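Observations on chain architecture
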Amino acid sequence: MLKLAIQKSGRLHDDSMRLLKECGIDISNGVNKLKAEATNFPLELYFLRDDDIPQYVEDNVADIGFVGENVVFEKAKKNTIVEKLGFGKCRLSIAVARNEEYTGTAFLQGKKIATSYPVLVKSFLDKNGVEAEIHEISGSVEIAPGIGLADAICDLVSSGSTLFMNGLKEVETILQSQAVLIRNNELQPEKMKLLERLLFRIQSVKKARN
Ligand code: ATP
Ligand code: ZN
């Protein structure tokens with residue numbers, strides 16, 4: 001049986017379930033909130049926090065997972081990206097107070113940046129030859145400048161309305177992201193065959209949607 005990890009609740013949950021449904025896979029609604037089984041495909045579902053999915057896939061607790069590229073790249077676990085899934089689209093961007101005059105990455109030199117993505121921010125800063133102080137916070141990053149915790153933030157953006165409501169403006173995009181299918185780097189041949197079958201269905205659904 002192929003073990004698939006998806007987000008338990010949040011922005012990726014409904015689209016993950018919808019994709020399986022459109023693949024013709026029916027999920028039994030068991031009482032267990034952690035696991036569920038498909039009734040017509042050798043698939044077992046694990047409901048997890050999205051941040052934990054790359055680790056569980058690396059550890060073989062799950063064979064495959066649906067998770068945002070932003071999380072895959074930040075965690076940098078031993079996973080292989082197999083397929084883009086076409087939902088959960090967003091970008092990871094740097095934002096500063098709307099009244100700041102931002103002229104380029106040099107603005108960030110010596111500044112404090114609040115983010116939940118320290119690895120991706122560090123690599124962006126290094127690439128641009130900028131040294132800044134990274135403050136890792138786990139949520140509500142967008143309020144950091146307003147309360148004097150940081151000069152800039154780096155967070156996920158889709159419409160930009162959250163930034164706007166917090167008096168911020170987007171100044172750099174460091175990653176374009178969407179949900180992807182990841183797999184463990186060393187899946188057994190039988191699991192690989194199941195993955196091929198699932199992938200064939202996912203690709204058909206994607207084609208039909210376009
Ligand atoms: P969890 O409880 O699973 O840790 P979370 O609060 O970290 O959930 P969500 O806000 O549900 O996560 O976002 C999950 C994923 O949805 C993100 O990692 C990203 O890939 C994607 N996403 C798409 N659009 C947005 C957006 N506007 N803001 C945040 N995430 C987005
Ligand atoms: Zn999360």
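Residues numbered from 1 in each chain as written. Chains lettered and ligands numbered in written order. Predicted model: local features only at pLDDT ≥ 70, side-chain atom pairs only at ≥ 80, totals over all residues.

Digging into the domain arrangement of the chain
Often, the extent of an interface is quoted as the loss of accessible area on bringing the components together. Note the threshold: Segment limits for the domains were obtained from an automatic or database-derived domain assignment. By definition, residue pairs are in contact when their C-beta atoms, positioned from the backbone, come within 7 Å. Only runs of H or I of at least four residues qualify as helices and only runs of E of at least two qualify as strands under DSSP, and these elements are numbered from the N terminus. Note on residue categories: nonpolar means Ala, Val, Leu, Ile, Met, Phe, Trp, Tyr, Cys or Pro, charged means Asp, Glu, Lys or Arg, and polar means any other residue, Gly included.
Considered domain by domain, the chain is made up of domain 1 (2-88 + 178-209) and domain 2 (90-177). Taking only C-alpha atoms, the centre of domain 1 and the centre of domain 2 are 30 Å apart. Listed by partner, the interface residues are 8 residues for domain 1 and 8 residues for domain 2. For the side of domain 1 that touches domain 2, the element with the highest residue contribution is helix α3 (residues 69-75), accounting for 4 residues. Partitioning the side of domain 1 that touches domain 2 into residue classes produces 2 nonpolar, 4 polar and 2 charged.

A closer look at the environment of Phe73
Position of Phe73 relative to the elements: it lies in helix α3. Separated by 19 residues in sequence, Phe73 and Pro54 place their C-alpha atoms 9.5 Å apart. Those residues in contact with Phe73, other than ones at most four positions away along the chain, are Leu120 and Leu175.

A word on the sheet that holds strand β7 (residues 112-115)
Definition in use: Pairs of strands are assigned from DSSP output, requiring at least two bridges between the strands. Fitted lines through C-alpha atoms serve as axes, helices being fitted only where they are in contact, and the angles separating the N-to-C directions of these axes extend from 0 to 180 degrees.
The 5 strands lie next to each other as β8-β7-β9-β6-β10, forming an open sheet whose pairing is mixed. Two strands close off the open sheet at either side, each with one partner strand: β8 (133-136) and β10 (168-177). Sheet twist, expressed as the average angle between the axes of neighbouring strands with direction ignored, equals 25 degrees. Bridging between strand β6 (residues 90-97) and strand β9 (residues 152-157) involves 6 bridges; their strand directions are antiparallel. Following the sheet pairing, Ser93 is matched in β9 by Asp155. Here helix α4 (residues 118-127) sits on the sheet in contact with β6, β7, β8, β9 and β10, set at roughly 165 degrees to β8.

Points about the site of ligand 1
Inclusion rule: Being near a molecule or strand means, for a residue, that its backbone-placed C-beta atom lies within 6 Å of it.
In the neighbourhood of ligand 1, 15 residues make up the surrounding shell, with Gly10, Gly68, Cys90, Leu156 and Ser158 lying closest. For the shell around ligand 1, the residue count by class is 4 nonpolar, 7 polar and 4 charged. Shared between two domains, the shell around ligand 1 holds at least three residues of each, these being domain 1 (2-88 + 178-209) and domain 2 (90-177).

Some remarks on the pairing of strand β3 (residues 43-48)
Here 6 bridges tie strand β1 (residues 2-7) to β3, and the two strands are oriented parallel to one another. The residue bridging Gln7 from the neighbouring strand is Leu48, located in β3. Pairing between strand β2 (residues 35-37) and β3: 3 bridges, direction antiparallel. When the sheet's bridge partners are listed, Glu37 is paired in β3 with Glu44. Counted along the chain from β2 to the antiparallel partner β3, the turn is 5 residues long.

A closer look at the confidence of the model for the chain
Cut-off, in case you're wondering: For every residue, the predictor reports its confidence as pLDDT, a number between 0 and 100.
Averaged over all residues, the pLDDT of the chain equals 96, while 99% of them reach at least 70. Scoring of the predicted complex yields 0.95 for pTM and 0.97 for ipTM.

Description of unusual backbone geometry
Under the convention used in this document: As a rule, residues whose C-beta atom has 12 or fewer other C-beta atoms within 10 Å are exposed, those with 20 or more are buried, and those in between are partly exposed; C-beta atoms are placed from the backbone.
The phi dihedral of Asn60 is positive, around 70 degrees, even though this residue is not glycine. In this fold, Asn60 is placed in the loop between α2 (53-58) and β4 (64-68). Despite not being glycine, Ala76 shows a phi value in the positive range, around 45 degrees. Of note, Ala76 is situated in the loop between α3 and β5 (79-84). Classification of Ala76 as exposed rests on a count of 11 C-beta atoms within 10 Å.

As for the environment of Asp151
On the secondary structure map, Asp151 appears in the loop between β8 and β9. Spatially, the C-alpha atoms of Asp151 and Ala95 are 9.1 Å apart, while their sequence positions differ by 56 residues.

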